[in-house]
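Structural description and commentary
One letter stands for each residue in the lines below.
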Amino acid sequence: MPRLAPWMPKMVFFAFGINPKTAETKPIGSGVFVAIPSDLFVDVTHVYAVTCHHVAIDTHAIRVNSAEEGKSRPIDIEPSDWEKSDSGDDLAAADVTDLLSLQEDSVSALVPEMLGTKRFIEGVELGIGEDGFMLGLFADLPGKTHNLVAAKFGNISLLADDKEPIRQGNGVRRPSHLFDMRSRPGFSGSPVFVYRTPEGDIRDIAFGIHEDPPPISGLLSRWHEDMYASEQYYKRQQKLHNNAFIKLLGVHSAQFHDPVKIIEVEKLVSAEGADVALKEGDKLKIPNSVAVTVPAWEIWPLINKPVFKEKRRRREEAAEKDRASRNDPEPESNAFGESGDEKNPRHREDFNSLLGAAAQKREREG
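Residues numbered from 1 in each chain as written. Predicted model: local features only at pLDDT ≥ 70, side-chain atom pairs only at ≥ 80, totals over all residues. Heavy atoms only, no water.

Another aspect to go through is the overall build of the protein chain. Along the protein chain, the regular secondary structure elements total six helices and 15 strands. Across the 366 residues of the protein chain, 48% fall into the buried class. Once local pairs closer than 6 in sequence are excluded, the contacts in the protein chain between residues at least 24 apart make up 73%. (Helix = DSSP H or I, 4+ residues; strand = E, 2+ residues; numbered from the N terminus. Buried < 20%, exposed > 50% of the residue type's maximum accessible area, 1.4 Å probe, protein only. Contact = heavy atoms within 4.5 Å.)

With that settled, consider the pattern of salt bridges. Taken as a whole and assessed by the stated rule, the structure comprises 14 salt bridges. The shortest N-O distance in the salt bridge between Asp86 and Lys305 comes to 3.1 Å. Of this pair, Asp86 sits in the loop between β6 (83-84) and β7 (92-95) while Lys305 sits in the loop between α4 (299-303) and α5 (306-326), and the two are 219 residues apart along the sequence. A residue is classified by how much of its surface remains accessible, and Asp86, at 66% relative accessible area, is exposed. Between Glu310 and Arg314 there is a salt bridge, and its shortest N-O distance comes to 3.6 Å. Taken together, the residues span about one helical turn, with Glu310 and Arg314 both in helix α5 at a distance of four residues. On the accessibility criterion, Glu310 (30% relative accessible area) is partly exposed. (Salt bridge = Lys/Arg side-chain N within 4 Å of Asp/Glu carboxyl O.)

Another point: the environment of Arg173. Summarising the element assignment, Arg173 is placed in strand β11 (residues 173-174). As a C-alpha pair, Arg173 and Asp89 span 84 residues in sequence and 8.0 Å in three-dimensional space. Residues within four places of Arg173 in sequence aside, it is in contact with Pro165, Ile166 and Arg167.

Let us look at empty space enclosed by the protein. Counted by the stated rule, this structure contains one cavity of 30 Å³ or more. Empty space within the largest cavity amounts to approximately 40 Å³. As for the largest cavity, its lining consists of Pro9, Lys10, Val12, Val64, Asn65, Ser106, Val107, Asn147 and Val149. For the lining of the largest cavity, the residue count by class is five nonpolar, three polar and one charged. (1 Å grid on protein atoms, 1.4 Å probe; cavity = no way out; pocket = protein on both sides within 12 Å on 5 of 7 lines; lining within 4 Å. Points joined across faces, edges and corners; volume = space filled by probe spheres on them. Nonpolar A, V, L, I, M, F, W, Y, C, P; charged D, E, K, R; others polar.)

With that out of the way, let us pick up α5. Here α5 contains 21 residues, and its C-alpha end-to-end distance of 30 Å stays within 8% of the 30 Å for a straight helix at 1.5 Å per residue. Among all positions in α5, only Phe308, Arg312, Arg315, Glu316, Ala319 and Arg323 are buried. Projected down its long axis, α5 shows its buried positions confined to an angular sector of 95°, all on one face. Along α5, exposed side chains directed more than 90 degrees from the buried face belong to Pro306, Lys321, Ala324 and Ser325. Asn327 sits one or two positions beyond α5 and adopts a positive phi of about 55°. (Expected span 1.5 Å × (residues − 1). Arc of directions from axis to C-beta.)

Remember that the coordinates give geometry; whether it matters functionally is a separate question.
Next up, the structure:
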């Protein structure tokens, strides 16, 4: 397994629910941050917490690590704050743009270009046996003062087939990937990645020229710059190194279960002293190592639901009014870190046009 980039665990959050017996919070799952840079304002980025719907309905807070090492902070999010996927997939998202702090939180996020679409899977001829990993909550050791993000590693067992839906964690049968990675409870909502690399090191594949994680917001052009660098880097790698890449394959929703039959049972006693109600002939289902994974292409339509689009519109409108009230000049550099010059006086217009085309492309691929 190659080394991971330092920013990768920072994109993961832990979801917390309420213990009904003690009324205390308890970790119940994982999730990933996904960011959409504004097509109009280089200083505005919209950030979404994405997890499984069956996790979201019991989530009352998410926990993110703080910029101060060894510490974290909870962010209050109620079950009603989440929007579920219209497709029926076990996915939910919440807009957390205004709840995160660039100064207080040590977080990162995926950009839409890292979502594994159907077109991408076909283009690189992704298939069974491909390497991958997921990052999330190890239920037995969540961390007392901060998130201890754990990893599981494995390979693709089966890619999603529209004609063969699989039961996800919310009980709905939908096209799903199967990933053999020795899963266990607590990883529901975890991002599942697939990768290829000729050098055994994926730290720089995602963003090419940047070693540090992209910020959530605040730096005027960094998000778009990273997106552009990532796109160019992918193109070079695909030509030179047989489609070297790292992409989000999907979100871990459930463990595939194997049916078993009790053949012989001795008298068993539970920790409370009561007889365990197992007898010969009983049929059980036990979770195996295969993770049911909601395809990443379902995330894009989820975070583009009308309610989220309207929030983005209002946020950008407020940013425009705030800039006008402060009489701020336009940023001197464009998204590629180059100022417009006499050689290309329409550089900014060309860039905005490019972003609009990219957004339309993402909608078509989703």
